[in-house]
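# Inside the fold
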Amino acid sequence: ATLASEFGMPLLARTWAIQILKARPTCQWAAAIVFQTRPDRAMTQDMLSILQPSDCLLARIAQARMAAEQKQYAKAVEIWQSAVQVEKGNTDSMLGLAMAMEQAGRPADALLVYRQVWDATQNPIAGNNSAYIVSCLYPKDTAKLAEARQWAEAAVKAAPDIPGFRDTLGWIAYLQGRSDEALQSLHRAVKGLPGSPDVHFHLGLAEMAAKHTDFARWHLQAAVALSDKLRADGETLSTSTLAAAEGAREA
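This is a predicted model, so every value here is computed, not measured.

So, on to the packing of helix H12 (residues 179-192) against helix H13 (residues 197-209). Two elements in contact, H12 and H13, have axes whose closest approach is 9 Å; the angle formed by their N-to-C orientations is 150°. Classed by the angle they form, the pair H12 and H13 counts as roughly antiparallel. With respect to the hand of their crossing, H12 and H13 are arranged in left-handed fashion. Counting all contacts with H12, which are made through Ser179, Ala182, Leu183, Leu186, His187, Ala189 and Val190, the residues of H13 involved are Val199, His200, His202, Leu203, Ala206, Glu207 and Ala209. For the contact of H12 with H13, the per-class residue count stands at 9 nonpolar, 4 polar and 1 charged.

Below, the structure is given as structure tokens:
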């Protein structure tokens, strides 16, 4: 195992899996191994050209992810929807659908699907994402924020080392007027995501609420600078990041 890892186990695994798949195009196991090695677009297309049946669940997942990578989010939603219909009750496919809906600018639809996944599995990603969407759609709704806080707390408890979950919890605490709790969570979040405009924006507002003016200004300026850099690098900013950048400029 040590020698294999030193000489590139993912590459060897992919090579062997492709050979197996060519010999047995219906071997889902081999296709899954290729997929797990994070192949580039060309390799993914090669795998899809071999894999049979061409409309199996794994093929649909690969097609959906490839569409998302090309920023064809509406197409990704359609493919994920077909995958969900084929494998009814498959919460992994439902999670993929919800994420694609978010990317396609359909947060309310994504929230409905995330809630279904959360209710069925208590998946921390579904809980966190549901909570964050609620914070964006209903920032002044006391009851909805209280429910969202429960999901965010559960997500952090299940995966305490994920800074994005800390960001969601801290942001909701800020919206609820819990400045000290917000700062505690957001300080941990920014350590893990120092390049995130969203986290700096959230922390900037929390510092402002705590009357830490200099810290607030620094984080708000960081949110603006980081978002500008992402644009300059040709990155497509998410809806939440665009809102964070604009909010930081106004603040």
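What follows is about the confidence of the model for the chain. This prediction gives the chain a mean pLDDT of 88; 95% of its residues lie at or above 70. In the predicted structure, residues 1-8 sits below a pLDDT of 50 and forms 2 contacts with residues beyond four places in sequence or in another chain.

Going through the model one piece at a time under the given rule, you end up with 2 aromatic pairs. Each ring, one from Trp171 and one from Tyr174, has its centre 5.2 Å from the other, and the planes form 15°; the classification is stacked. Taken together, the residues Trp171 and Tyr174, both in helix H11 (residues 163-175) and 3 residues apart, mark about one turn of the helix. Judged by relative accessible area, Tyr174 falls into the partly exposed class, the value being 24%. Seen from their ring centres, Trp171 and Phe201 are 6.0 Å apart, and the 45° between their planes marks the pair as tilted. With a gap of 30 residues between them, Trp171 in helix H11 and Phe201 in helix H13 connect regions that are remote in the sequence. Each member of the pair, Trp171 as well as Phe201, carries the same accessibility label: buried. Cluster of aromatic residues (ring-pair linked, three or more members): Trp171, Tyr174 and Phe201. If you follow Lys144 out to its NZ or CZ, it ends over the ring of Tyr138, 4.8 Å from the centre.

In this structure, Trp80, Leu97 and Tyr114 are the most contacted members of the largest nonpolar core, which totals 36 residues. Aside from chain neighbours lying at most four places away, what touches Tyr114 is Leu95, Ala98, Met99, Glu102, Ala126, Asn129, Ser130 and Ile133.

Here we take up the pattern of salt bridges. If you walk through the whole model with that rule in mind, you get 10 salt bridges. Salt-bridge contacts for Arg231 lead to Asp228; the nearest nitrogen and oxygen are separated by 3.4 Å. In this pair, Arg231 and Asp228 are both assigned in helix H14 (residues 213-232), 3 residues apart and thus about one turn of the helix distant. On the accessibility criterion, Arg231 (36% relative accessible area) is partly exposed. One salt bridge connects Asp233 with Lys229, and the closest N-O pair in it is separated by 2.9 Å. Judged by its relative accessible area of 48%, Asp233 is partly exposed. One network of salt bridges, in which partners are shared, links Arg149, Glu153, Arg178 and Glu181.

The next point concerns the environment of Asp55. One can find Asp55 in the loop between helix H4 (41-50) and helix H5 (57-69). A relative accessible area of 44% places Asp55 in the partly exposed class. A sequence separation of 27 residues divides Asp55 from Ser82, and the C-alpha atoms of the two residues are 9.6 Å apart.

Interaxial distance between helix H10 (residues 142-158) and H11 falls to 9 Å at its minimum, and their mutual angle equals 155°. Looking at the two axes, H10 sits roughly antiparallel to H11. Every pair of crossing elements has a handedness; the one defined by H10 and H11 is left-handed. Here Leu145, Ala148, Arg149, Ala152, Glu153, Ala155 and Val156 of H10 lie close against H11, whose contacting residues are Phe165, Arg166, Thr168, Leu169, Ile172, Ala173 and Leu175. Split by residue class, the contact of H10 with H11 holds 10 nonpolar, 1 polar and 3 charged.

Conventions and cut-offs
Residues numbered from 1 in each chain as written. Predicted model: local features only at pLDDT ≥ 70, side-chain atom pairs only at ≥ 80, totals over all residues. Heavy atoms only, no water. Axes fitted to C-alpha atoms, helices over the stretch in contact; angles between N-to-C directions. Helix = DSSP H or I, 4+ residues; strand = E, 2+ residues; numbered from the N terminus. Parallel < 35°, antiparallel > 145°, perpendicular 65-115°, else oblique. Left-handed = near helix turned anticlockwise from the far one by under 90°. Contact = heavy atoms within 4.5 Å. Nonpolar A, V, L, I, M, F, W, Y, C, P; charged D, E, K, R; others polar. pLDDT = per-residue confidence, 0-100. Phe/Tyr/Trp six-rings, centres within 6.5 Å; stacked < 30°, edge-to-face > 60°. Buried < 20%, exposed > 50% of the residue type's maximum accessible area, 1.4 Å probe, protein only. Lys NZ or Arg CZ within 6 Å of the ring centre and 35° of its normal. Core = buried A, V, L, I, M, F, W, Y, C linked by side-chain atoms within 4.5 Å. Salt bridge = Lys/Arg side-chain N within 4 Å of Asp/Glu carboxyl O.

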